[in-house]
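Here is what each chain is made of, one letter per residue.
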Amino acid sequence: MDAILGVRMGLEHMNVTLKSKSSTSPANDMHKRSLLNDLEYNERFEFLNVYSMEKELMKSLQKGLPYPIIKVIEYLSVDRAGFTWGRQYRLAGYYTLCLLWTSFIVWIIKMVILCLVPHHFCKLVLSVGVLILSSDIVYIIFVPKHLHIPFPSPDGSLAILDFRLSFCFYMTFLAGFLSIIVGVVLCYLQSASIYTLQTFLSCNIDEYSCSFRRDSSPEVKKMDSIEYSNTLMERF
């Protein structure tokens with residue numbers, strides 16, 4: 001039987017899909033092919049802690065899942081003698097998830113700061129980008145680099161299951177990179193005093209702060225007192 005096997009790795013779980021594929025077999029196997037043409041499995045396995053994959057392997061054996069799915073789980077459930085692929089995926093998912101949640105919290109703070117203290121907005125934009133890029137870097141450091149699972153076929157050839165980075169990884173990298181670029185541009189514009197931001201109350205924080213410092217400076221107070229004394233002398 002020809003089949004397509006796919007594995008999608010998440011941060012806390014993985015999905016293994018096995019779907020039968022129509023093949024060119026002799027005519028006497030028509031009945032057998034008709035029974036296997038609708039074969040389709042989609043199983044989800046958690047790796048939240050050290051013993052998760054071993055438990056998932058036992059459950060899969062009890063359920064009687066097909067051999068290709070069992071073999072993938074066996075590769076990821078071993079955690080000794082240098083075979084630490086499952087542990088590497090678990091650590092990569094754990095630290096990446098922590099950094100992504102931290103970046104989300106900073107993003108919420110950033111939106112609040114935009115309404116209240118806009119001159120700190122650029123720093124938080126930069127922080128969000130750094131956190132997102134850090135999550136990608138941590139993931140690519142911990143994830144297994146050379147994981148290939150071979151599947152022998154009846155004719156003697158080997159089908160190799162390779163693991164590579166997916167579309168989500170590159171989209172996360174792009175989001176972090178763009179956030180850093182925007183943060184750097186805003187920091188430069190703020191340092192050059194080219195732009196101003198207003199709050200939802202239409203109050204310009206930067207101008208208000210400058211005017212407050214100017215009005216409360218000792219020189220201004222001294223000049224006001226001199227003018228007041230001169231006015232009193234003119235009256236007398």
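Residues numbered from 1 in each chain as written. Predicted model: local features only at pLDDT ≥ 70, side-chain atom pairs only at ≥ 80, totals over all residues. Heavy atoms only, no water.

**Student:** Quick rundown of the environment of I181? Include the residues and the values.
**Tutor:** Here I181 shows up in helix α6 (residues 167–191). For I181, a relative accessible area of 39% translates into the label partly exposed. Sequence separation of I181 and V125 is 56 residues, and the distance between their C-alpha atoms is 9.2 Å. (Helix = DSSP H or I, 4+ residues; strand = E, 2+ residues; numbered from the N terminus. Buried < 20%, exposed > 50% of the residue type's maximum accessible area, 1.4 Å probe, protein only.)

**Student:** Which residues make up the side chain of E56, and what values do they have?
**Tutor:** Locating E56 in the fold gives a position in helix α2 (residues 52–63). Of the side chains with opposite charge, K59 comes closest to the buried, unpaired E56, at an N-O distance of 4.7 Å. Setting aside residues up to four positions removed in sequence, E56 forms contacts with R44, F45, E46 and I73. (Lys, Arg positive; Asp, Glu negative; His and termini not counted. Salt bridge = Lys/Arg side-chain N within 4 Å of Asp/Glu carboxyl O. Contact = heavy atoms within 4.5 Å.)

**Student:** Help me get a handle on the packing of aromatic side chains, residues and values and all.
**Tutor:** Overall, the coordinates contain nine aromatic pairs when judged by the stated rule. Judged by centre distance (5.5 Å) and plane angle (90°), the ring pair of F169 and Y170 falls under edge-to-face. Residue classification places F169 among the buried positions, given a relative accessible area of 13%. On the basis of relative accessibility, which here comes to 48%, the residue Y170 falls in the partly exposed class. (Phe/Tyr/Trp six-rings, centres within 6.5 Å; stacked < 30°, edge-to-face > 60°.)

**Student:** I'd like to hear about the UniProt feature "transmembrane region" (unreviewed entry) in the protein chain, residue by residue, with values.
**Tutor:** Residues annotated in UniProt with the feature "transmembrane region" (unreviewed entry) correspond here to residues 94–117, 124–143 and 163–189. Between the end C-alpha atoms of residues 94–117 the distance is 33 Å, and the span holds 96% helix and 0% strand. Segment residues 124–143 splits into 95% helix and 0% strand. End C-alpha atoms: 29 Å apart. (UniProt positions renumbered as here; feature names shortened; annotations may be inferred.)

**Student:** Tell me about the pattern of salt bridges, and name the residues and values.
**Tutor:** Scanning the entire structure with this criterion turns up two salt bridges. Here E43 makes a salt bridge to K63, at a shortest N to O gap of 3.0 Å. Here E43 is found in strand β3 (residues 40–46), whereas its partner K63 is found in helix α2, with 20 residues between them in sequence. Classification of K63 by relative accessible area gives exposed; the value is 53%.

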